[in-house]
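# An overview of the molecular structure
The chain contents come next:
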Amino acid sequence: MAKINDNYLKLKAGYLFPEIGRRVRAFAEANPTARVIRLGIGDVTRPLPPAILKAFHDAVDDLANAETFAGYGPEQGYDWLINTIIDKSYKPLGVSLKTDEMFISDGSKCDCANILDIFALDNVVAIGDPVYPVYNDTNVMIGRTGEADDKGYYKNIVYMPCNEANGFIPALPAQKVDIIYLCFPNNPTGTVAGKAELKKWVDYANANDAVIFFDAAYEAFITDPAIPHSIYEIEGAKKCAIEFRSFSKTAGFTGVRCGLVVVPEEVMGTTSTGEKYSFNKLWLRRTTTKFNGASYPVQRAAAAVYSDEGWQQTREIIDYYMENARIIREGLAEAGLTVYGGVNAPYIWLKTPGGMTSWEFFDKLLNEANVVGTPGSGFGPSGEGFFRLSAFGNRENVIEAVERIKKNLK
C-alpha cells in the first residue's frame, strides 16, 4: 500500500480560511434570510480595470490566429513582461535588476511554498507570530519541523512574537537562523517597516549567511513615501534577500493568478561539501522542471498594469480600497476598539473587546452582526485576542458592516 506523507498529520487544524468558510456556510444554511457581509478572506471585489481587460481580450484573440498564436512560453516568464516590471516598478525605486533575476509565476502563495524546494531541510527557519499561515504550514508539510507543542509552536521553527509591546515588528532572533520570513506591509497586522528597521534585518542576514524571504504582496498599498516598497532599496539586500510580489491585490488578479519572484544572482547558499552556489540557478532549474509558466493572456494583462492608462486605473482601485480601510479604522476606533493597520495596508488589526478570544469574537460578529472577519489566533498564538478585517469589500457593504459592528458593541 502506498504510504502517505506523515508530515501533513502534524498540522493540528485545517487551513484557516476553509474553516472560516465552513462556519459561514453553516450559519447561512441555518439563517437563510441573513445578509452576511464578508470582510474576512482578503479577496478583491472591484472588476479588472478596462485597460487590463482589453489587453486580456486582445491576447485571447491572438490565440485565434496562426500568425499571433502563442503556445509554450518561457517557464520563467516573457522578457517583455519582466523588463516592463523592472523598468516601471523597480527602477523608480533606485533598484537595478537583471532580466534573469525575475521569475513570473501564477501567484505568490505558491512561490512562498515552492521556494522551500531549493533549501535543505536542516536550515533553521524563523517566522513572525502572528503570520500568514502558509509560511508555517508549508515548512511543516515539507518535513522541516517536529510536532507542535500545546501553544501551537512547531519544534525546529524559531517563532518571533509580534505584539503591541514591540509595535508588531519582531525582534532579531536571539539564535542564529538560516531563513527569515518577513512580510511588509504585514499580513495580518497591517504593520509597515521603515528603512532603518529593514537595514537591521539585512545586516543580520549578511552577518549570519542567512536568506530573507521578503513578502511584498501589498507594497502597492503603501501611502507613506518614507516606507520602502522593496527590500532591495536597502543596501546589501541583493546579497541576502529573495522577494515575492503579487498582482492579486494590486491589480485584482485573485482569480487571474500572476505573481513574481526576484532571486538576485548574488544570493548564495552552500552545498553539503561547503561550496557556494547561487540560489538563482537552483530556482531556474526548479521552475523549468516543475512549471510551464503563467499563461500568455495573463502575462499580457499583467504588462498592461504598467501602461500609463492601466496604472492610473489600477491606482484608482487601490485608492478605493484604502478609503475602505480608513472607514473601517476610524469607525471602529470611534466605537472604542483598539485598532492598528489600515494606513499603508489594506488590513485592519483590532483588539477583541472584553477579553474575548478571537473565535468568540468571530462567532459574535457572525451571529449578531452578520459580519465575517478573521480570528487572529488563526495566524499564530500571538494573534490570540486580535481580529483582522479586510478593506477589499464594496463601499456600501463596508459602511454597513462598520455600523453593524458599532451597534453590536453598544
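Criteria and cut-off values
- Residues numbered from 1 in each chain as written.
- Predicted model: local features only at pLDDT ≥ 70, side-chain atom pairs only at ≥ 80, totals over all residues.
- Heavy atoms only, no water.
- Helix = DSSP H or I, 4+ residues; strand = E, 2+ residues; numbered from the N terminus.
- Buried < 20%, exposed > 50% of the residue type's maximum accessible area, 1.4 Å probe, protein only.
- Polar contact = N/O pair within 3.5 Å; in protein donor to acceptor, adjacent residues only side chain to side chain.
- Contact = heavy atoms within 4.5 Å.
- Pairing = 2+ DSSP bridges.
- Axes fitted to C-alpha atoms, helices over the stretch in contact; angles between N-to-C directions.
- Expected span 1.5 Å × (residues − 1).
- Arc of directions from axis to C-beta.
- Left-handed = near helix turned anticlockwise from the far one by under 90°.
- Nonpolar A, V, L, I, M, F, W, Y, C, P; charged D, E, K, R; others polar.

### What about the side chain of Asn136?
- Relative to the helices and strands, Asn136 resides in helix α5 (residues 133-142).
- The class of Asn136 is buried, set by a relative accessible area of 10%.
- Within the structure, the side chain of Asn136 is placed 3.2 Å from the side chain of Asp137, a separation counted as a polar contact.
- Aside from chain neighbours lying at most four places away, what touches Asn136 is Ile127, Tyr154, Ile157 and Tyr159.

### Topic: the sheet that holds strand β15 (residues 386-390)
- Taken in spatial order, the 4 strands line up as β11-β12-β15-β14 in an open sheet, and their pairing is antiparallel. Strands with a single pairing partner mark the edges of an open sheet, and in this sheet they are β11 (339-341) and β14 (374-375).
- The pairing of β14 with β15 spans 2 bridges and is classified as antiparallel. Within β15, the residue paired with Thr374 across the bridge is Arg388.
- Sitting on the sheet, helix α10 (residues 358-369) is in contact with β12 (347-351), β14 and β15, with an inclination near 45 degrees to β15.

### A short note on helix α6 (residues 195-207)
- For α6, spanning 13 residues, the distance from its first C-alpha to its last is 18 Å, which sits close to the expected 18 Å at 1.5 Å a residue.
- Looking only at α6, the buried set comprises Glu197, Leu198, Trp201, Val202, Tyr204 and Ala205. Across the axial projection of α6, the buried residues extend over an arc of 160 degrees, all falling on one side. Away from its buried face, by an angle of more than 90 degrees, α6 presents the exposed residues Ala196 and Ala207.
- For α6, the secondary structure elements touched by its buried residues are β4 (157-161), β5 (179-183) and β6 (211-215).
- Looking one or two places after α6, you find Asp209, whose phi comes out positive at around 55 degrees.

### Quick look at unusual backbone geometry
- Of the consecutive residues Asp129 and Pro130, the connecting peptide bond is found in the cis state with omega at 10 degrees.
- Within the element layout of this structure, Pro130 appears in the loop between β3 (125-129) and α5.
- Going from Phe184 to Pro185, the amide bond is cis rather than trans, its omega being -10 degrees.
- Structurally, Pro185 can be placed in the loop between β5 and α6.
- Phi is positive for Asp209, which is not a glycine, with a value near 55 degrees.

### Things to note about the packing of helix α1 (residues 16-30) against α10
- One way to put it is that α1 packs onto α10 with a least axis distance of 11 Å and a crossing angle of 35 degrees. The hand of the α1/α10 crossing is right-handed. Across the interface between the two elements, Leu16, Glu19, Ile20, Arg23, Val24 and Phe27 from α1 touch Trp359, Phe362, Asp363, Leu366 and Asn367 from α10.
- Among the residues making up the contact of α1 with α10, the classes are represented as 7 nonpolar, 1 polar and 3 charged.

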